[in-house]
Amino acid sequence: MQVNLLVDKQGPTISKYIYGQFAEHLGRCIYEGVWIGTDSDIPNENGIRKDVVNALKEIQIPVVRWPGGCFADEYHWKDGIGPIENRSTIVNTHWGGVTENNHFGTHEFFELIRQLDCEAYINGNVGSGTVQEMQEWVEYMTMNGESPMANLRRQNGQEEAWKVAFFGVGNESWGCGGNMRPEYYADLYRRYQTYVRKYGEHNIYKIACGANVDDYNWTEVLMKNAARFMDGISLHHYSIPTRVWQDKGDAVNFPEEQWYSVLEHAQYMDELITKHSTIMDKYDPEKRVGLIVDEWGAWYNVEPGTNPGFLYQQNTIRDAMLAAITLNIFHKHADRVHMANIAQMVNVLQAMLLTEGEKMIKTPTYHVFDLYKHHQDAELVDSYGDESNHVTYTASKKDGKLTVSLCNYDLTETREITLSREKGEFEIVEAEYITADTMNAHNTFEEPEAVAKKEFTSYIVEKGTLKVTLPPMSVASIITKEN
Ligand code: AHR
């Protein structure tokens, strides 16, 4: 396979927010995965796991979406403020019917954001919340001067207002967030977003609830009626090997055909973005409004013996391929995709990290986010060349470096890829990869490094070309000097 890199041509910036995370009050994501409380024996800072924060900082996560998901539309933020022992409990009806004690609330979330040194994406409640409730939450979080909500925040121990970079007005309003029709939601969106006011110095990027997968009519109606009131519109698409919700397929013990079927389903993201974006172009030819893919990833049957409502699944080298394929698609659409949030950050669906008591492991997906972090806020480098089956890639440049990431998701075939640049030489700075010998290789608490990042050496640099030999089931990132 031959790839010619047009290094001098100007391309769009790959927003770092494409590497966003999603953390919902679902199963063991927030509780156990992030929040363990200040009395825990597990090392924590202000109740938040240190191992999890340190691991996430290594991959430079830029933003976390919270508190849901479906949970967002039944979350009443005032339940989660004030002294922890006085907080009221609710039932998490969507996710296992468990009792939610609201110990992790607004203050704890912003403590997490502080520790991660990233941005906050708050998802508001339209489904079962009022306009007043949403307005007051925004005032509580972002108002620095004198006001009832700012004073309440101070009473609860937080003097300075926080920064809310992104705010979602409802989640899946076509489904768990209220079963609305697009016409009805478009009007509600216009109304609710009016009160997502700018109290502080920072603008809040407002996100309308967008389509479920290929519901193009939803995008059409929202863009037609509400585009001028939004900065972004969301899109959700999960990859399922069988396409059957009742039996999605096993995360680890899957047949060979499910390797390819789930990766094919992931590639549907390209068509979805293209088609939704084409509709958006009609109303927003300047591409001011971002397509925010705030839920994506693989969804399998839960691990045997675990609560079906907790969505706990293992993560194999197959998921690493899925992550690389999807990130490459997002990069390609960098002009329209302003943010994406993989579902979910810890212990739920296609997670970065899994925890068990005091133990924590990094998943193969985590390692792809690590290998790909060099593309955050980098300029996309255009390219042309032959197509090759089962290979996908991205090239980008930033800070005097050119990074090429390549994924060979073939199960058996090694691929030879020759990269060339119009002028200048390839001067290697660093090259790393992940791979495995079996298609269901994964990390466990007993063997946490079964799939881990290693130095990549299977390349030859020759006058203006870089010849890469990429083994099956592998993802590599090669950083060179831009020169
Ligand atoms: O990520 C799990 C769930 O999937 C979210 O809560 C919901 O928005 C989606 O249906």
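Small disclaimer: the values here were computed from a predicted structure and weren't measured.

Draft legend 1. How the structure looks around helix α3 (residues 131–142). Relative to the 16 Å expected for twelve residues at 1.5 Å per residue, α3 spans 17 Å between its end C-alpha atoms, a close match to the ideal helical length. In terms of burial, α3 is largely enclosed, as eleven of its twelve residues are buried. Val131, Glu133, Met134, Gln135, Glu136, Trp137, Val138, Glu139, Tyr140, Met141 and Thr142 are the residues of α3 that are buried. Where α3 is buried, its residues meet β5 (63–66), α2 (106–116), β8 (119–124), α4 (148–155), β9 (166–169) and α5 (182–194).

Draft legend 2. Structural context of the packing of helix α8 (residues 317–332) against helix α9 (residues 364–372). Packing of α8 against α9 leaves a shortest axis separation of 7 Å and a crossing angle of 35 degrees. Taken as a pair, α8 and α9 cross one another with a handedness that is right-handed. Mapping the contact onto sequence places Ile317, Asp319, Ala320, Ala323, Ala324, Leu327, Asn328 and His331 in α8 and Pro364, Thr365, Val368, Phe369 and Tyr372 in α9. When grouped by side-chain class, the residues that make up the contact of α8 with α9 number nine nonpolar, three polar and one charged.

Draft legend 3. Just the packing of aromatic side chains, in detail. Applying the stated criterion across every chain yields a total of 24 aromatic pairs. For the pair Trp66 and Phe109, a centre-to-centre distance of 4.6 Å together with 10 degrees between the ring planes defines the contact as stacked. A residue pair is termed long-range when its members are at least 10 positions apart, and Trp66 in strand β5 and Phe109 in helix α2 qualify at 43 residues. Here Trp66 matches Phe109 in class, with each residue buried. Both rings, one in Tyr75 and one in Trp137, keep their centres 5.8 Å apart while their planes meet at 55 degrees; by these two values the pair is tilted. Here Tyr75 is found in the loop between β5 and β6 (90–92), whereas its partner Trp137 is found in helix α3, with 62 residues between them in sequence. There is no split in this pair, since Tyr75 and Trp137 are both buried.

Draft legend 4. Structural view of the domain arrangement of the chain. Here the chain is described as being made up of domain 1 (13–378) and domain 2 (383–481). On a C-alpha basis, the centres of domain 1 and domain 2 stand 29 Å from each other. In this assembly, 41 residues from domain 1 lie in contact with 37 residues from domain 2. Summing the contributions of domain 1 and of domain 2, the shared interface buries around 3000 Å²; its carbon and sulfur component is 67%. Seen at the junction of domain 1 and domain 2, the total is one salt bridge. For the salt bridge of Lys453 with Asp370, the shortest nitrogen-to-oxygen distance reads 3.0 Å. The tally of links from domain 1 across to domain 2 stands at 16 residue pairs in polar contact (both at pLDDT 80 or more). Elements represented by at least two residues in the side of domain 1 that touches domain 2 include exactly α7 (256–283), α8, β14 (353–356), β15 (359–362) and α9. If one sorts the elements of the side of domain 1 that touches domain 2 by residue count, α8 sits on top with eight residues.

Draft legend 5. Representation of the pattern of salt bridges. Applying the stated rule across the entire model yields 29 salt bridges. Close ionic contact of Asp231 with Arg288 constitutes a salt bridge, the shortest N to O distance being 3.7 Å. Of the two residues, Asp231 sits in the loop between α6 (216–226) and β11 (232–239) while Arg288 sits in the loop between α7 and β12 (290–298), which places them 57 residues apart along the sequence. Since its relative accessible area comes to 23%, Asp231 is described here as partly exposed. Between Arg336 and Asp284 there is a salt bridge whose closest N-O contact spans 2.8 Å. Placement of the pair is Arg336 in the loop between α8 and β13 (337–343) and Asp284 in the loop between α7 and β12, with a sequence separation of 52 residues. For the pair Arg336 and Asp284, a shared accessibility class is recorded, and that class is buried. Here the salt bridges do not stand alone but share partners, grouping Asp281, Asp284, Lys287 and Arg336 into one network.

Draft legend 6. Highlighting the environment of Pro472. One can find Pro472 in the loop between β24 (465–470) and β25 (474–481). What makes Pro472 buried here is its relative accessible area of 18%. Residue contacts for Pro472: discarding those within four places in its chain leaves Asn408, Asp410, Leu411, Thr412, Glu413, Thr414 and Thr435.

Draft legend 7. Just the site of the ligand, in detail. Looking at the ligand, there are 13 residues lining it, with Glu24, Cys70, Glu172, Tyr238 and Glu295 nearest. Within the side chain of Asn171, an N or O atom sits 3.0 Å from an oxygen atom of the ligand. Gln344 has a polar side-chain atom sitting 3.0 Å from an oxygen atom of the ligand. Burial of the ligand by the protein chains amounts to 93% of its free accessible area of 280 Å². Considering only residue class, the shell around the ligand consists of seven nonpolar, three polar and three charged.

Draft legend 8. Fine view of α2. Burial within α2 is extensive, with ten of its eleven residues counted as buried. Taken as a whole, α2 has its buried residues at Thr106, His107, Glu108, Phe109, Phe110, Glu111, Leu112, Ile113, Gln115 and Leu116. Positive phi appears at Asp117, one or two residues downstream of α2, with a value of about 55 degrees.

Draft legend 9. Spotlight on the sheet that holds strand β19 (residues 401–408). Spatially, six strands are ordered β16-β18-β19-β25-β21-β22 in an open sheet, and the strand pairing comes out antiparallel. Bordering the open sheet on either side are β16 (379–380) and β22 (454–455), each of which pairs with just one other strand. Across two bridges, the pairing between strand β21 (residues 427–434) and β22 is antiparallel. In the sheet register, Glu432 faces β22, and the bridge partner there is Glu455. Sheet strands touched by α8: β16, β18 (391–398), β19, β21 and β25. Its angle to β18, the strand with the most contacts, is close to 55 degrees. Where α9 meets the sheet, its contacts fall on β19, β21 and β25, and the angle it forms with β21 comes to roughly 170 degrees.

Conventions and cut-offs
- Residue numbers here run from 1 along each chain, matching the order of that chain's written sequence.
- Confidence filtering applies because this is a predicted model: local features only for residues at pLDDT of at least 70, side-chain atom pairs given and counted only at 80 or more, and all residues used for totals across whole chains, interfaces and linings.
- Side-chain measures were taken over the full set of non-hydrogen atoms in the model, leaving aside hydrogen atoms and water.
- Helix numbers and strand numbers start at the N terminus; a helix is a DSSP run of H or I with at least 4 residues, a strand a run of E with at least 2.
- Helix span, as expected, comes to 1.5 Å for every residue beyond the first.
- The buried label applies to any residue whose accessible area, calculated with a 1.4 Å probe on protein chains only, is under 20% of its type's maximum; exposed applies above 50%, and partly exposed to all values in between.
- Residue contacts are defined here by distance: any two heavy atoms, one from each residue, within 4.5 Å place the two residues in contact.
- Note on method: axes are straight lines fitted to C-alpha atoms, helices fitted across the in-contact stretch only, with angles between N-to-C directions ranging 0 to 180 degrees.
- Working rule for handedness: look at the near helix, and if it is turned counterclockwise from the far one by less than a right angle, call the crossing left-handed; if clockwise, right-handed.
- Here the term charged refers only to Asp, Glu, Lys and Arg, the term nonpolar to Ala, Val, Leu, Ile, Met, Phe, Trp, Tyr, Cys and Pro, and the term polar to all other amino acids, Gly among them.
- The rule is short: rings of Phe, Tyr and Trp, with Trp giving its six-membered ring, pair when the centres are within 6.5 Å, and they are stacked under 30 degrees, edge-to-face over 60, tilted in between.
- An automatic or database domain assignment supplies the residue ranges for each domain.
- When two parts are brought into contact, each loses some accessible area as probed by a 1.4 Å sphere; the total of that loss over both is the buried area.
- The term salt bridge refers to a pairing of a side-chain nitrogen on Lys or Arg with a carboxyl oxygen on Asp or Glu at a separation within 4 Å.
- Residues adjacent in sequence count toward polar contacts only when both atoms are side-chain atoms; beyond that, a polar contact is any pair of N or O atoms within 3.5 Å, and within protein one must be able to donate a hydrogen and the other to accept it.
- Near residues are defined by distance, with any heavy atom within 4 Å of the molecule or strand qualifying the residue.
- Under the convention used here, a 1.4 Å probe and the Shrake-Rupley method define accessible areas, while residue burial counts only the protein chains that appear.
- At least two DSSP bridges between two strands are needed for those strands to be called paired.

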